[in-house]
Amino acid sequence: AILENVADLNALNLTFDFIVVGGGTAGNVVANRLSENPNHKILVLEAGGSNTGVLDIIVPSFCREATPNTAQDWNYTTTPQVGLNGRSIAHNRGFVLGGSSSVSKSFIVEHQYYMVYTRGSKEDFNRWAAVTEDDGWSWDNLLPYMTKNEIWSPPADNHNTAGKFDPAVHGFEGITAVSLSGFPTPIDSRIIAATSELEGYPFNLDMNSGNPIGVGWGQLTVKDGERSSSATSYLASQFLGRPNLYVLLNARVTRVLETSGAVRTVEFVQDLNGEPLTLTATKEVILSAGSIGTPNILLHSGIGNSSTLTTLGIQPVHNLPSVGQNLSDHTLLFLSFLVNSTNTFETAVHNATLAAEEFAQWNTSRTGPLVDNPLSHIGWLRVPNNSPVFEQFGDPSAGPNTPHFELIIANGMIPPPPPEGNFLSVVPVVVSPASRGSVTLNTNDLLADPLINPNHLGSEVDVFIMREAVKSAVRFTTAPAWDDYVLSAVGLNATTDAEIDAFVRANAATIYHPVGTASMSPRSAAWGVVDPDLRVKGLTGLRVVDLSVVPFIPAAHTQAAAYIIGERASDLIKESWN
Ligand SMILES: Cc1cc2nc3c(=O)[nH]c(=O)nc-3n(C[C@H](O)[C@H](O)[C@H](O)COP(=O)(O)OP(=O)(O)OC[C@H]3O[C@@H](n4cnc5c(N)ncnc54)[C@H](O)[C@@H]3O)c2cc1C
């Protein structure tokens, strides 16, 4: 059941075995799987409100309305980013049931946004296994969880998808819907032609096979023309109907508290000016508040670098200096090209009648342009292995079959377009970054925003990768397939490396993939925050299950990783309490 008010919860007079903090992407997986055992009572505490009936979340291409600066977002801003000329940039996070899987848009063509489903490379996960000394985190051992999570679904227009994905690597009986685009775009055939016309952009049948290098058809978490989030899937009515599963909305956890030698008590507020409330789990508290929320709660609870906490007036409880460190994110540059066409997203952006028709079509049949995100294709590519910058600093990618950068290809400009013109996007993203940042506090005010410093382009390696990615994006548009189509790059009047770098630093942003702030490490390691079974090191009763546990960011959009972690963690928790 979903409850809005703690008084309704108290009236039930229940005791919970597990309290999950954060009803986001990973948290809802854990809540679902643990409640499969009817003997276990589960409570989810979610700071945000309900996703139900919020059209901006349901209609795939309306999600630009869902964030930023809306009621469904935490509306964070980063600290000034040295690598971005000192700019502070928006750092969106979902503040709603389903967490960031409910707001995964951010890519703002008037009608379009992303719900990209990408797993990463085999090497990404094998690196997790190596660095944690736990083979359970390897690709081969996680593949069953990937397929357990996924229910491969037909595209909204039911077109023939042969040759666009590899069924052998997908799951057909899981919970999160994954599909191919359900509305063809006029540039699809040009993109596919370009993969055979140019060296270096090979066609890849399925970027989710563990070998992502190449250009392939995008996969997205959409079913029957509607977004599939962890709230619509793992908390679907058949699961919420379980008598042992409860969700309390508008419940913002401020701290976890140690009682009788274990950290099983959560302190939370429903009314930001109200008295703190507490609840204690009989078995475990599971922090799933995400890569920003989880370290924020740990630090306020006195779990972090004890000397730093003391100076902030926070009573240290457990010295874990890695809490909040190792923040990694993916830096993106919106890059678009003016094109010789009127058949791009911009046409509906500039034509209210057409936009209304598209919505009417979606509303009556769940078909048409609004069923998709803007990208029909993504390229996953590498810079040369012998790039001099790697000799000095090392190669940050997980291995030779893991991309350094991504090119997101879309039939229009992703940020709000100018009043005139039609565009093609080829958006570079640094997906194997070397830069690391942090989430820290500058106050003991429990409700203040933490300081978020992703350190975008803080490493020379990332500047190099982004520069080469920009060149690669431009080169992609020189394929003969675009001859009568692409006219000129927008805003990029750069010929030298220095000019490209200047353009990047002035314009780059985030693709909202923060990870790593409560990283896993080997059981015996002094660094790290959680053991490979996701228990907080040195404490009893407390686990972390969200993307903060990721030691190295995967070269992928990160929602799949959150689902995968949620699935494996659920089995780990079940094993401990059998
Ligand atoms: C705008 C945007 C677009 C994105 N687009 C994509 C995409 O296209 N494809 C993709 O793969 N990934 C995308 N991502 C990234 C992906 O959504 C996230 O990496 C992933 O969902 C994170 O999962 P999580 O479980 O770690 O955290 P979240 O899903 O963020 O869940 C954390 C939950 O905890 C709650 N919470 C936080 N603090 C507290 C507290 N103190 N008390 C109670 N509850 C709390 C939050 O409200 C939230 O519901 C996007 C993210 C954003 C923000």
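Residues numbered from 1 in each chain as written. Predicted model: local features only at pLDDT ≥ 70, side-chain atom pairs only at ≥ 80, totals over all residues. Heavy atoms only, no water.

Put simply, helix α5 (residues 122–132) and helix α6 (residues 139–149) touch, their axes get as near as 9 Å, and they point 115 degrees apart. Relative to α6, the element α5 is oriented roughly perpendicular. Here α5 contributes K122, F125 and N126 to the contact with α6, which in turn contributes W139, L142 and M146. For the contact of α5 with α6, a count of residues per class yields four nonpolar, one polar and one charged. (Axes fitted to C-alpha atoms, helices over the stretch in contact; angles between N-to-C directions. Helix = DSSP H or I, 4+ residues; strand = E, 2+ residues; numbered from the N terminus. Parallel < 35°, antiparallel > 145°, perpendicular 65-115°, else oblique. Contact = heavy atoms within 4.5 Å. Nonpolar A, V, L, I, M, F, W, Y, C, P; charged D, E, K, R; others polar.)

Right, let's talk about the confidence of the model for the chain for a bit. Per-residue pLDDT for the chain has a mean of 93; in total, 95% of the residues score no lower than 70. The low-confidence segment residues 63–67 (pLDDT under 50) makes 20 contacts with residues lying over four places distant or belonging to another chain. Within the model, the stretch residues 104–113 combines pLDDT values under 50 with 53 contacts to residues more than four positions away or in other chains. (pLDDT = per-residue confidence, 0-100.)

Examined against the element boundaries, R119 turns out to sit in the loop between α4 (100–103) and α5. Among the residues examined, R119 registers a relative accessible area of 0% and is labelled buried. C-alpha of R119 to C-alpha of Q559: the two residues are 440 residues apart in sequence and 8.2 Å apart in space. Discounting residues that sit within four places of it in the chain, R119 has contacts with F125, W139, L143, M146, E150, V169, H170, N208, P554, A556 and A560. A polar side-chain atom of R119 sits 3.0 Å from a polar atom in the side chain of Y117. (Buried < 20%, exposed > 50% of the residue type's maximum accessible area, 1.4 Å probe, protein only. Polar contact = N/O pair within 3.5 Å; in protein donor to acceptor, adjacent residues only side chain to side chain.)

As a further point, take the side chain of E267. The residue E267 is located in strand β14 (residues 262–269) in this model. Among the polar contacts listed, one links the side chain of E267 to the side chain of T254, at a separation of 2.7 Å. Residues within four places of E267 in sequence aside, it is in contact with R252, V253, T254, R255, L257, P276, L277, T278 and L446.

Counting 76 residues, the largest nonpolar core has V266 and L542 as the members making the most contacts within it. Per element, the largest residue contribution to this core is seven residues, and it comes from helix α17 (residues 559–576). Once you skip the residues sitting within four places of it in the chain, L542 turns out to touch V256, V263, V285, L287, L298, I303, L534, R535 and V536. Core analysis: the next-biggest nonpolar cluster, separate from the first, contains 41 residues, L381, L424, V430 and V486 among them. (Core = buried A, V, L, I, M, F, W, Y, C linked by side-chain atoms within 4.5 Å.)

A sheet is described by the order of its strands in space; here three strands give the open sequence β6-β7-β9, paired in mixed fashion. The open sheet has two edge strands with one neighbour each: β6 (150–152) and β9 (219–220). Pairing of strand β7 (residues 176–180) with β9 involves two bridges; the strand directions are antiparallel. In the sheet register, S179 faces β9, and the bridge partner there is L220. Strand contacts of α6: β6 and β7, with the helix running at about 60 degrees to β6, the strand carrying the most contacts. (Pairing = 2+ DSSP bridges.)

A few words on α5. One turn of an α-helix holds 3.6 residues; hence residues three or four places apart share an orientation. Residues of α5 that are buried include every one of E123, D124, F125, R127, W128, A129 and T132, and no others. Against the buried residues of α5 lie α6 and α17.

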